[in-house]
Amino acid sequence: MKKCELCNSAASMYCGSDRAVLCWDCDTKIHAANFLVAKHVRTLLCHACQSPTPWTGSGPKFGPTVSVCETCFHSTNRSYRTRGEEEEAEDELETDTEEEEEEDDDGNDQVVPVPPPLVSTSPRRTAESSSSRTGYAHLG
């Protein structure tokens, strides 16, 4: 396990500019010091194997985040999806589809009418009609 280079606790990110692996607390202390070091791009380390992940960022402080590398992500997905689980998932999908088809055939479909848009019945005054009565054009 990689250790933080400042306090020896578990490392959570790598700063290429400093060439250092750091924990969350030490990263905040270092990169919040001034605006120049806050610009350092850091890479999260994999939560499982501590290799670099695709996640990068910069700034004075990062909140604790869990990230995994692509290798661990794919190996985790493979271990959860064995052949037996895939067959069960397919069976559940077929059962759900059949139930939805039965629900559609029960004749309880309802149509809800949509009311027409409201239309104003009062006549609109135009600039010509108001000017003919008052002698002045009404703008508005």
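Notes on the structure in this doc start here. (Residues numbered from 1 in each chain as written. Predicted model: local features only at pLDDT ≥ 70, side-chain atom pairs only at ≥ 80, totals over all residues. Heavy atoms only, no water.)

### Section: the overall build of the chain
- Counting secondary structure elements, the chain contains five helices and four strands.
- Written out in order from the N terminus, the α and β elements of the chain read β-β-α-α-β-β-α-α-α.
- Every one of the 140 residues in the chain was classed for burial, and the buried ones make up 21%.
- Long-range pairs, those at least 24 residues apart, make up 26% of the contacts in the chain with a sequence separation of at least 6.
- A total of about 11,200 Å² of accessible surface is found on the chain, and carbon and sulfur atoms cover 53% of it. (Helix = DSSP H or I, 4+ residues; strand = E, 2+ residues; numbered from the N terminus. Buried < 20%, exposed > 50% of the residue type's maximum accessible area, 1.4 Å probe, protein only. Contact = heavy atoms within 4.5 Å. Areas by Shrake-Rupley, 256 points an atom, 1.4 Å probe, with all protein chains shown as cover.)

### Thoughts on the pairing of strand β4 (residues 52–57)
- As judged from the three bridges shared by strand β3 (residues 42–45) and β4, these two strands associate in the antiparallel manner. What sits directly across from T43, in β4, is T56. (Pairing = 2+ DSSP bridges.)

### Digging into unusual backbone geometry
- Its identity is not glycine, yet N8 carries a phi of approximately 70°, on the positive side.
- Considering the arrangement of structural elements, one finds N8 in the segment before β1 (13–15).
- Looking at N8, the relative accessible area reads 54%, which means it is exposed.
- In the Ramachandran plot, R19 falls in the positive-phi region, its phi being about 50° despite a non-glycine side chain.
- Looking at where R19 falls in the secondary structure, it is placed in the loop between β1 and β2 (20–22).

### Section: the nonpolar core
- Listed in full, the five residues of the largest apolar core are C4, A20, L22, C23 and C26.
- Excluding its chain neighbours within four sequence positions, the residues that come into contact with C4 are S9, A10, A11, V21, L22, C23 and C26. (Core = buried A, V, L, I, M, F, W, Y, C linked by side-chain atoms within 4.5 Å.)

### Here we look at the side chain of R42
- Within the element layout of this structure, R42 appears in strand β3.
- In terms of polar contacts, R42 uses its side chain to reach the backbone carbonyl oxygen of G59, at 2.8 Å. (Polar contact = N/O pair within 3.5 Å; in protein donor to acceptor, adjacent residues only side chain to side chain.)

### Quick look at the pattern of salt bridges
- Enumeration over the complete set of coordinates arrives at one salt bridge.
- When the shortest N-O distance is used, the salt bridge between D27 and R42 registers 2.9 Å. Taken as a pair, D27 in helix α1 (residues 24–31) and R42 in strand β3 lie far apart in primary sequence, 15 residues in all.
- Residue class for D27 comes out buried when judged on its relative accessible area of 0%. (Salt bridge = Lys/Arg side-chain N within 4 Å of Asp/Glu carboxyl O.)

### Concerning the packing of aromatic side chains
- One pass over the structure, following the stated rule, counts one aromatic pair.
- Ring geometry for W55 and F62: centres 5.3 Å apart, planes at 85°, overall edge-to-face.
- A relative accessible area of 12% places F62 in the buried class. (Phe/Tyr/Trp six-rings, centres within 6.5 Å; stacked < 30°, edge-to-face > 60°.)

### A word on the state of the cysteines
- Enumeration according to the criterion identifies zero disulfides in this entry.
- There is no disulfide at C7, and the cysteine sulfur nearest it, in C23, is 3.6 Å away.
- Free cysteine: C26, not disulfide-bonded; nearest cysteine sulfur from C23 at 3.6 Å.
- Looking at C26, the relative accessible area reads 6%, which means it is buried. (Disulfide = S-S within 2.5 Å.)

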